[in-house]
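What the coordinates show
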Amino acid sequence: MKRSRLPIWITVGALIFFYLPILILVLNSFNASRFGTGWQGFSLKWYAQLLHEPEIWLAARNSFLVAFGATALSVVLGTAAAFALHRFAGSRLQRFHYALVYMPLVVPEILMGISLLMAFAATGVRLGLGTIFVAHVTFCVSFVAMTVLARLQDFDDAVVEAARDLGAGWGVTFRRIVLPMIAPGIAAGALLAFTLSIDDFVITFFVAGPGSTTLPIRIYSMIKFGSPPLINALSTILLFVTFTAVILSQRISSPRR
Amino acid sequence: MKAGPRKRGAEWLASGPSILWLGLFFLVPTLLVFVLAFRPSNPFGGIGAGWTLDNIRRLTDPAMLAVARRTLEISLATTLICLVLAVPVGYTLARVSAKWRNFFLMLVIIPFWTNFLIRVFAWKTLLHPDGPIKQVLAFLGLVPAGASLLYRPEAVVLVSVYTFLPFTILPIYAAAEKFDFRLMEAARDLGARPFLAFRKVFLPGIRRGLITAVLFVFIPALGSYVIPDIVGGPGGEMIGNKIAQRVFVDRNLPLASALSVVLILSVLAPLISVLLLQPKGERPEIL
Amino acid sequence: MSEFLEFRGVSKRFGTVQAVADVSLEVRKGEVFSLLGPSGCGKTTMLRLAAGFERPDAGHVLLDGEDITDLPPEKRKVNTIFQSYALFPHMTVRENIAFGLRVAKRPKSEIDDEVDRMLRLIRMADQADKKPDLLSGGQKQRVAIARALVNKPQVLLLDEPLAALDLKLRQRMLIELDMIHDEVGITFLYVTHDQGEAMGLSDRIAVMDSGRIEQVGTPVEIYEAPRTSFVAAFIGDTNFLDGEVTGLEDAEYSRLEIAGVPGIVCFNDKAIQAGQPVFLSIRPEKVHISRDKPEAEKLRNMLPAVVEDVIYLGSTTKYWVRAGKIRIQVLRQHSRFFLDEKPIRWNDEVWVWWHGDDGFMLERYREVDEDLLAMPPRKVGESDGGNRR
C-alpha cells in the first residue's frame, strides 16, 4: 500500500528544527569569536571565564539549595496526595482535591508568579530564598502527585491482598510490599520536581527578592545585559547535566528487561 | 460502599497536607488577585485603601486592547502551526517500529529538558541581524538586507512554536499509539484515498489527543512572558509582559492584578468549554 | 476432629447487588470442593469471605469449629491463590515463597528448608532467583501455589487459578493441581466458571447462581441428577421437555404426557403428583437413534421422528430430531468405523428412544436457563412444540 512520504519528511524536518539552535549554541561555546557570527577557532576560554564568575556560582548554589528543599517537601506532600486521590477516588473531597492539584499544571506560570507576589506583598512577607522555596513547592507538588498517581493506578491491588493473606499486617505490607513497588514512581516524581525547580524562571522571577538569585534568573540577566559567549558555555554545561539526569531518570523508572 | 469513620479520618489525613498547602499558596493568592484588581494603587507602589473600578476601566485603553488582540493572534497562530506540524510527527512516531519509536521519542524529548531560557536565547542568536539565518535569507533575496527578524510578533510565533511543539507532539503521539490503524485499512478498502482516510478516520480517531494538544499550547501561549520579552521587542509584547511591566516598572500592583484577571478568564474559557462540551467519558487524557 | 470450613447463613451485599444470599455450606477436611457458576453468581465473594477480605453482613464463617468471621485475613490459617497470581514483582521466586514464613518470623534454617522443598515440589529449583516478570503464566501459577502451600494452611483457596492460561496449559495444570492435592492433602476450596475444571478436579461441587446454591453434590450426582433447570443446563447439555404427570407406572416411575404424546415413563424421585405440570430433562447422550424401530421394552420410551439438523463432530454426531411437536437433541458416539455405515441424514425418518431411568424430572424450571444450552437457532416460522409453555 503506497503511503505518503510527507509525514516522515515533516518529522525529520521537525527534528532538525529542534536541534539546530542547540547545536549552534554548543558550537559557539567553543568559538573563540565573541559574536558567534563567524568561526574564529576552537577555544575553551569562555569556560575558563565562567569559572571566575562568583555570581554564577552563588546563583547555582541557591538553585540547588532550593531545588533539594523543594523536592523533599513536594515529594512528601505529593505522594500523600497521590495516595489520597487513588485510595479514596470518587469522594467529593477527592474531586475537589484533584481539581486543586490539577490547576497548577494548566495555569500559565506568570499567573502563579503574580498571585504569589501579591500574596506576599499583601501580607508583608519579605521576598527571598524562602518565598522562592514556597513557590517551587507549590508547583512541584502537582507534578509529583500526578506522576505517583499514574504509578498507583497501574498498581496491582491484589498484591496487597496477597501480602495480608500470607500473614502480613498493614505495617509490614506497607514497608515490605507497597513502598518498594512505588519507590520508582516516587523517584521519578522527585527527579521531575528537581529538574522543574532548577529550571524554573518565570515564577521565581516574580517572587525572588533583590538578594536572592537563582541560576535561571542569572541567565536571564546575562541574556538581557551580559555576555553571549558566557551564556553559551553555561548552557552547554547545563545541557550536559540535564542530559545525564534524564538518562538516569529513564533507567530508574523503566529498568531494562 | 460507605466509608466508616476510620476511613474518613485516613482520607483527611492523607489529603490534608496537600490541600492545605495548595489552598494557602495557590487558591488564596489567586482569589487575592481578583480582589486586588478592584483596589486603587498607592503612589509608593503599594496597595491603597478603598475600592475602585479604575483598573478595570484602564483595561479598555486602545493600547491594552491592542496587546490583548496581539496576544490572542500570536497564541492562535502558534497553536495552529503546532498542530499542523505535530499531527504528521505523531502519526509517524506511532507507525514506526518500537525500537525506533523510543529513539525518536527520546530525540523529541531531550531538547525539551534543556533550560527554556537557553533555548530562547539560542533563537535570539540565530535570528540576530548578523546571524546565520538572516545571512542565508538575505543571500537568497527573500528578505531585504536591512530587515530584522527579531523584535517582532513573527519571531514570537516562531520561538513559541519551537517551545510548545513537543507539548503538542506527545499527546497526539499518545493518542495515535492507541489508534487502531486497521481502521485506515478498512477505509482504504472501502475506496477512500489516503488523504481522505486521514481526514475522516484518523483525525477523529485521535480527537482526545488533539484537544489535549490544543490545551497544552494555547493556554501557556496566552501567558507567555519570556519569549516575547527576549525576542518580541515592543512590537511583540503580550499580556504577560504588560503584567510584568506594571509590577516591576510602574509598581502598580492593582493594575497588574486587573490584567491578570483578564488572563485568568481567557485561560478558563477554553478549559471550561472543553469540560462542558465533552461527554463525561470522553475527557481528554492528561499525559 | 475434622478440619473443615463452614459457612452458616452468610449474606453479603455490595450496594444494590446481593452477591451472596443466606448461603450455608460445609467443606470436609482434605476434599477438593468447588464453587461452580457463571460470573456474578457469588462464588468469588464466598471465597473472599473465607479469606477474610470481606465481612459478611449476616452469618458466620467457621474453620475447624472456630468462628473466624471477625478475624482479619492475616490472622486466618487459610491462604489464597489469586486469579492474577499477585506475585510480588520486586522479589525473586525464592523471596516470594519465603514471604509468609518470614512474616511469621520462623528461624532462617527452617525457612530455607521449607522453601527448597516447595521449589522441588513445583519443579522450579533452577529458577529460584528470577523475578516474576521473567516467568511464563504456568510458572507464575506454580510459584503462587508454592507461596501459599509453604505456610501449611488449613484450607487453600483457589480463585479461578487456570483462567489466565491457554487451553493446553490449562489441561496440564489441572492435572498438576490434582497431583499436588494428592501429595499435600490440604483442603481445597476451588472457584471456577469452567465445568470441565470443576468436574475433573473436585470431590464435591456446589453449583451457584445469583448468590444462591442451586445444588451440592459429587460431580456424578450433579451431572446425572440435576435438581433444577439451571444445573441441568449449566453443566453439559440437555433436552427440556414440557409435560404433565398423568399417573403412576409403578411404585417408582411416573407416566407423563409430553406435548400430546402420552405414555412417557420417567423415574420419579421427587414424588410429583398426578396432574402436576413438570419439565422432563434428558441428556442427549442418553437418547439413542436409528433407522430401524427398536424392540419395545418395559420402561423404554420410543418415538418416531424426523431428522432436522445434523452436526458431525468426529467422535460424535449431534442430531436434532422432531417427533410431532417435540424437538430432541441426540448425541451419538461412533464406536465403530463410521464410513461403513449408511449415515443418518436430514429429513430421514428415524426412531429415538431412551430408558425411563435416564431422564429426570426437575424441581424447578426457568425458561431463561435454556439460554445456557448450545442449541441451534430455531427455524423461522416454526412453532416451538412441546418445549415451551
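Check the secondary structure of chain A and you find 11 helices and zero strands. Written out in order from the N terminus, the α and β elements of chain A read α-α-α-α-α-α-α-α-α-α-α. Across its three principal axes, chain A shows a C-alpha extent of roughly 70 × 70 × 35 Å. Considering chain A as a whole, with its 257 residues, one finds that 48% of them fall into the buried category.

Per the secondary structure count, chain B includes 13 helices and zero strands. Counting helices and strands in the order they occur from the N terminus, chain B gives α-α-α-α-α-α-α-α-α-α-α-α-α. Projected onto its principal axes, the C-alpha positions of chain B cover 75 × 70 × 35 Å. Counting all 287 residues of chain B, 41% fall into the buried class. In chain B, the proportion of contacts linking residues at least 24 apart, taken out of those at least 6 apart, comes to 72%.

Another point: the sheet that holds strand β17 (residues 316-323) of chain C. Residue and element names in this part refer to chain C. Ordered in space as β15-β19-β16-β17-β18, the five strands form an open sheet in which the pairing is antiparallel. At either end of the open sheet lies a strand with only one pairing partner, and these are β15 (288-290) and β18 (326-333). Averaged over all pairs of adjacent strands, the angle between strand axes in this sheet comes to 40 degrees, irrespective of strand direction. By the bridge criterion, eight bridges tie β17 to β18 in an arrangement that is antiparallel. Counterpart to A323 in the pairing with β18 is I326.

Looking now at the interface of chain B and chain A. Contacts between the two partners involve 64 residues from chain B and, on the opposite side, 70 residues from chain A. Tallying contributions element by element places helix α1 (residues 5-36) of chain B first for the side of chain B that touches chain A, with 18 residues. Looking at the side of chain B that touches chain A, its residues break down into 47 nonpolar, 13 polar and four charged.

The next point concerns helix α5 (residues 109-123) of chain A. All names here are of chain A. The first and last C-alpha atoms of α5 sit 21 Å apart over 15 residues, in line with the 21 Å expected at 1.5 Å per residue. Of all 15 residues making up α5, 12 are buried, and the element is well covered by its neighbours. Every buried residue of α5 is listed here: E109, I110, L111, M112, G113, I114, S115, L116, L117, M118, A119 and F120. Downstream of α5 by a residue or two, G124 has a phi angle that is positive, lying close to 70 degrees.

Let us look at the nonpolar core. One finds I114 and A145 of chain A together with I172 and V231 of chain B to be the most contacted residues of the largest nonpolar core, which totals 143 residues. For this core, the element with the most residues is helix α7 (residues 153-178) of chain B, which contributes 16 residues. Among all residues touching A145 of chain A, those that are not within four sequence positions of it are G78, A81, A82, L85 and V101 of chain A together with S18 of chain B. Formed by 108 residues, the second largest nonpolar core is a distinct cluster that contains L166 of chain A together with V23, I205 and L280 of chain C.

Further remarks concern the pairing of strand β8 (residues 187-192) of chain C. All names here are of chain C. The buried fraction of β8 amounts to six of the six residues, a majority that puts the element mostly inside the structure. Burial along β8 is two-sided: T187, L189 and V191 and F188, Y190 and T192, pointing in opposite directions, are all buried. Bridge analysis of strand β3 (residues 32-36) against β8 gives five bridges, and the strand direction is parallel. Looking at the pairing, L36 lines up with T192 of β8. Pairing analysis gives five bridges linking strand β7 (residues 155-159) to β8, with the strands arranged parallel. The residue bridging V155 from the neighbouring strand is T187, located in β8. Crossover β7 to β8 through helix α5 (residues 167-184) is right-handed.

Turning to the environment of L80 of chain B, a few remarks are in order. Residue and element names in this part refer to chain B. Along the chain, L80 turns up in helix α3 (residues 62-95). By C-beta crowding, L80 is classed as partly exposed, having 15 other C-beta atoms within 10 Å. Residues L80 and F218, spaced 138 residues apart in sequence, show a C-alpha to C-alpha distance of 9.2 Å.

Moving on, we get to the packing of helix α1 (residues 6-29) of chain A against helix α5 (residues 116-127) of chain B. Closest axis-to-axis distance for the α1 of chain A/α5 of chain B pair is 9 Å, and the angle between their directions is 80 degrees. Compared by their axis directions, α1 of chain A and α5 of chain B come out roughly perpendicular. Residues P21, I22, I24 and L25 of chain A of α1 of chain A form the contact with α5 of chain B, whose own contacting residues are I118, R119, A122, W123, T125 and L126 of chain B. Split by residue class, the contact of α1 of chain A with α5 of chain B holds eight nonpolar, one polar and one charged.

Further remarks concern the environment of L77 of chain A. Of note, L77 of chain A is situated in helix α3 (residues 54-87). Setting aside residues up to four positions removed in sequence, L77 of chain A forms contacts with V141 of chain A together with P17, S18 and W21 of chain B.

Turning our eyes to something else, we now look at the sheet that holds strand β9 (residues 204-209) of chain C. Residues and elements named next belong to chain C. Pairing is mixed across the open sheet formed by six strands, whose spatial order is β6-β7-β8-β3-β9-β10. The outermost strands of the open sheet, each flanked by one partner alone, are β6 (78-81) and β10 (212-217). Averaged over all pairs of adjacent strands, the angle between their axes in this sheet comes to 20 degrees, without regard to strand direction. Alignment of β9 against β10, held across five bridges, turns out to be antiparallel.

What follows concerns the pairing of strand β11 (residues 239-248) of chain C. Residues and elements named next belong to chain C. Here β11 runs beside strand β14 (residues 277-282); their pairing, made up of six bridges, is antiparallel. Across the sheet, the residue bridging to F240 is S281, located in β14. Pairing of β11 with strand β12 (residues 253-258) involves five bridges; the strand directions are antiparallel. From the neighbouring strand, G247 faces β12, where its bridge partner is R255. Two successive antiparallel strands, β11 and β12, enclose a turn made up of four residues.

Below, the discussion takes up the confidence of the model for chain B. Low pLDDT marks stretches whose predicted atomic positions should not be read closely. All names here are of chain B. Here chain B averages 83 in pLDDT, while 91% of its residues score no lower than 70. Least confident of the elements in chain B is helix α6 (residues 132-139), whose mean pLDDT is 75; most confident is helix α11 (residues 226-232), at 91. Contacts for the low-pLDDT stretch residues 281-287, under 50 throughout, to residues beyond four places or in other chains number 11 contacts. The complex prediction reports pTM at 0.76, with the ipTM value standing at 0.82.

Right, let's get into the confidence of the model for chain A. Mean pLDDT over chain A works out to 85, with 95% of the residues at or above the 70 mark. Across chain A, the secondary-structure element scoring lowest on mean pLDDT is helix α11 (residues 228-253) of chain A, at 77, and the one scoring highest is helix α9 (residues 202-207) of chain A, at 93.

What follows deals with the packing of helix α2 (residues 93-103) of chain C against helix α3 (residues 108-121) of chain C. Residue and element names in this part refer to chain C. Two elements in contact, α2 and α3, have axes separated by 10 Å at closest approach and are oriented at 135 degrees. Relative to α3, the element α2 is oriented oblique. Crossing of α2 against α3: the hand is right-handed. Each of R94, I97, A98, L101 and R102 in α2 lies in contact with α3, whose residues at this interface are I111, E114, V115 and M118. Of the residues that constitute the contact of α2 with α3, the class distribution is six nonpolar, no polar and three charged.

So, on to unusual backbone geometry. All names here are of chain C. In the Ramachandran plot, D64 falls in the positive-phi region, its phi being about 55 degrees despite a non-glycine side chain. Looking at the element boundaries, D64 is found in the loop between β4 (58-63) and β5 (66-67). For Y85, which is not a glycine, the phi torsion comes out positive at approximately 70 degrees. Structurally, Y85 can be placed in the loop between β6 and α2.

When you tally the buried positions in helix α10 (residues 215-225) of chain A, you get eight out of 11 residues, the bulk of the element. Considered for burial, the residues of α10 of chain A that qualify are L215, P216, I217, R218, I219, Y220, M222 and I223 of chain A.

Calculation criteria
Residues numbered from 1 in each chain as written. Chains lettered and ligands numbered in written order. Predicted model: local features only at pLDDT ≥ 70, side-chain atom pairs only at ≥ 80, totals over all residues. Helix = DSSP H or I, 4+ residues; strand = E, 2+ residues; numbered from the N terminus. Buried ≥ 20, exposed ≤ 12 C-beta atoms within 10 Å, placed from the backbone. Contact = placed C-beta atoms within 7 Å. Pairing = 2+ DSSP bridges. Axes fitted to C-alpha atoms, helices over the stretch in contact; angles between N-to-C directions. Nonpolar A, V, L, I, M, F, W, Y, C, P; charged D, E, K, R; others polar. Expected span 1.5 Å × (residues − 1). Core = buried A, V, L, I, M, F, W, Y, C linked by C-beta atoms within 7 Å. Right-handed = clockwise from strand over helix to strand, strands pointing away. Parallel < 35°, antiparallel > 145°, perpendicular 65-115°, else oblique. pLDDT = per-residue confidence, 0-100. Left-handed = near helix turned anticlockwise from the far one by under 90°.

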